[in-house]
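Examining the three-dimensional arrangement
Here is how the chains run, residue by residue.
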Amino acid sequence: MNLSDKDKAYVWHPFTQMREWTEPLIIERAEGNELIDIDGRRYLDGVSSLWVSIHGHRKRELDDAVRAQLDKVAHSTLLGLSNVPSIELAERLIKIAPPGLGKVFYSDSGSTAVEVALKIAFQYQRQRGRADKRKFLALTDAYHGDTVGAVSVGGIDLFHEIFHPLLFHVLRVAPTLEALEHSLAAHGHELAALVIEPLVQGAAGMLLQPPGFLRAARELCRAHDVLLICDEVATGFGRTGTMFACEQEGISPDLLCLAKGISGGYLPLAATLVTDQIFGAFLGAQADKRTFFHGHTYTGNPLACAAGIASLDLFVRERVIERMQPKIARLAARLGEHIAPLAHVLEVRQRGFMIGIELVRNRATREPYDYDEAIGARVCQAVCRRGVILRPLGPVVVLLPPLSITDEEIDRLVGAARESIVEVCGATGPLPAGQGGSQ
Ligand SMILES: *Cc1c(COP(=O)(O)O)cnc(C)c1O
């Protein structure tokens, strides 16, 4: 069997209808912002290997940091012990995080960062004598990960509906100021926390929140004595043009969930940051059982934390945030010129380096493509033939390049997206009904 046959024989791929899994593209190595397959073909990594690679691949400083740590120790536990990189990274995270967050609880994926936040919020309310505050409020179309707690606060029916009988009940609110005001006024007394993806709801299709929404969420939560959990798993580490999305509205959450870009895209790592006030509610005698009884085996893994420290060093040394600003503008200009005018593009949504291109059958009537047309997936296949890797969210083509993308690569990315949308959807005007998207 060759590798492709073995993949089909043994691997069950995530979020994938395996009956339609044909010839997998198998990556062997990478250089900079390009992935290279087993036949030596190169592909621009247009979604940062699922939203994680910040500085590109094979970044010398990150490679060196992981190798250096490998010469010391690959893993030792944080249960009952500590290790050098986890301490140093925690200090660094607290120093750059929105003010007020004082403690770092590690885990290993975005989902676990959210699980930890939910459990801490719930237990916190009990331990400060507010056992009545036990519900969660979350946004419509929210995505917070795939474990059962994270799915409970999630609101994407396609992924989540089947699991409803397994989930705990969550109150839901649309991301508008009025709806949020109304919800908190009605339910604030019974809420442990509001959980939101700040500024951009990523997996929902890069939905942008109205300006001022995040700030209002902060103020309303404070007014109603409800904790604010910001899930910056996707938006953190420069994605929206600032280190954290929260900075753009000058707010600090009570709990902050980080993962994806935290290790520079090298190793699985996550962190849940909390205020000292929350942490304080967990202190007491052993017999009080105020301990947070939670911890994953690879929590605070030294290799991953070493990569995380090296990544933060790169942000400083290479002035990543500053240098991405003109690239954000270039992306906006290219998208405006080459993508937005296309006949089947309903909307181009951009916040920094998070971009969603929503495709529709008919722009005038906003008639969507049918689910089984898999329009986004077909555009991404066409993009792949042009040497660019993208992954859609339903009818939304997502561009989420590494922050290290060059000007030439931006043009290549947008050019490939444009050609592919034209190829798959057709260039001129709405297609006749029933033929939308047929090749
Ligand atoms: C990806 C994502 C998660 C889940 O992260 P995993 O590492 O895949 O578990 C949670 N929240 C948001 C906002 C995400 O984008």
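The shown structure was predicted, so the numbers you read here are calculated from the model rather than taken from an experiment. Note on numbering: residues in each chain are counted from 1, in written sequence order. In keeping with the predicted nature of the model, local features appear solely for residues at pLDDT of at least 70, side-chain atom pairs appear and are counted solely at 80 or more, and the whole-chain, interface and lining totals rest on all residues. Hydrogens and water molecules were not included; the side-chain quantities draw on all heavy atoms of the structure.

A few points about the sheet that holds strand β12 (residues 270-275)
- DSSP calls a pair of strands paired once it identifies at least 2 bridges connecting them. The secondary structure listing takes helices from DSSP runs of H or I that are at least 4 residues long and strands from runs of E that are at least 2 residues long, numbered from the N terminus. Spatial ordering of the open sheet is given by β4-β12-β11-β10-β7-β5-β6, a layout of seven strands whose pairing is mixed. Here the strands that pair on one side only, and so sit at the sheet edges, are β4 (101-107) and β6 (171-173). Recorded for the sheet is a direction-independent mean angle of 20° between the axes of neighbouring strands.
- Pairing of strand β5 (residues 135-139) with strand β7 (residues 191-196), which is carried by four bridges, proceeds in the parallel orientation. Paired with Ala-138 across the two strands is Val-195, which belongs to β7.
- Only heavy atoms matter for contacts: two residues are in contact if any of them lie within 4.5 Å across the pair. Axes here refer to lines fitted to C-alpha atoms; in helices the fit is confined to the stretch in contact. Angles between the N-to-C directions go from 0 to 180 degrees. Sheet contacts for helix α8 (residues 177-187): β5, β6 and β7; angle to β6, the most-contacted strand, approximately 155°.

A few points about the environment of Thr-272
- Looking at the element boundaries, Thr-272 is found in strand β12.
- Taking the relative accessible area as the measure of exposure, Thr-272 reaches 0% and is therefore buried.
- Each C-alpha atom, one on Thr-272 and one on Ser-107, is 7.8 Å from the other, the two residues being 165 residues apart in sequence.
- The contacts of Thr-272, once residues within four sequence positions are left out, are Lys-103, Val-104, Phe-105, Ala-113, Val-116, Ala-117, Leu-255 and Leu-256.
- In protein, a polar contact means a hydrogen-donor-capable atom and an acceptor-capable atom, both N or O and within 3.5 Å, with residues adjacent in sequence counting only if both atoms are side-chain atoms; elsewhere, any N or O pair within 3.5 Å suffices. There is a polar contact of 2.8 Å between the side chain of Thr-272 and the backbone oxygen of Ala-113. Summary of the burial criterion: residues with accessible area below 20% of their type's maximum are buried, those above 50% are exposed, and those between are partly exposed, where the area comes from a 1.4 Å probe applied to protein chains only.

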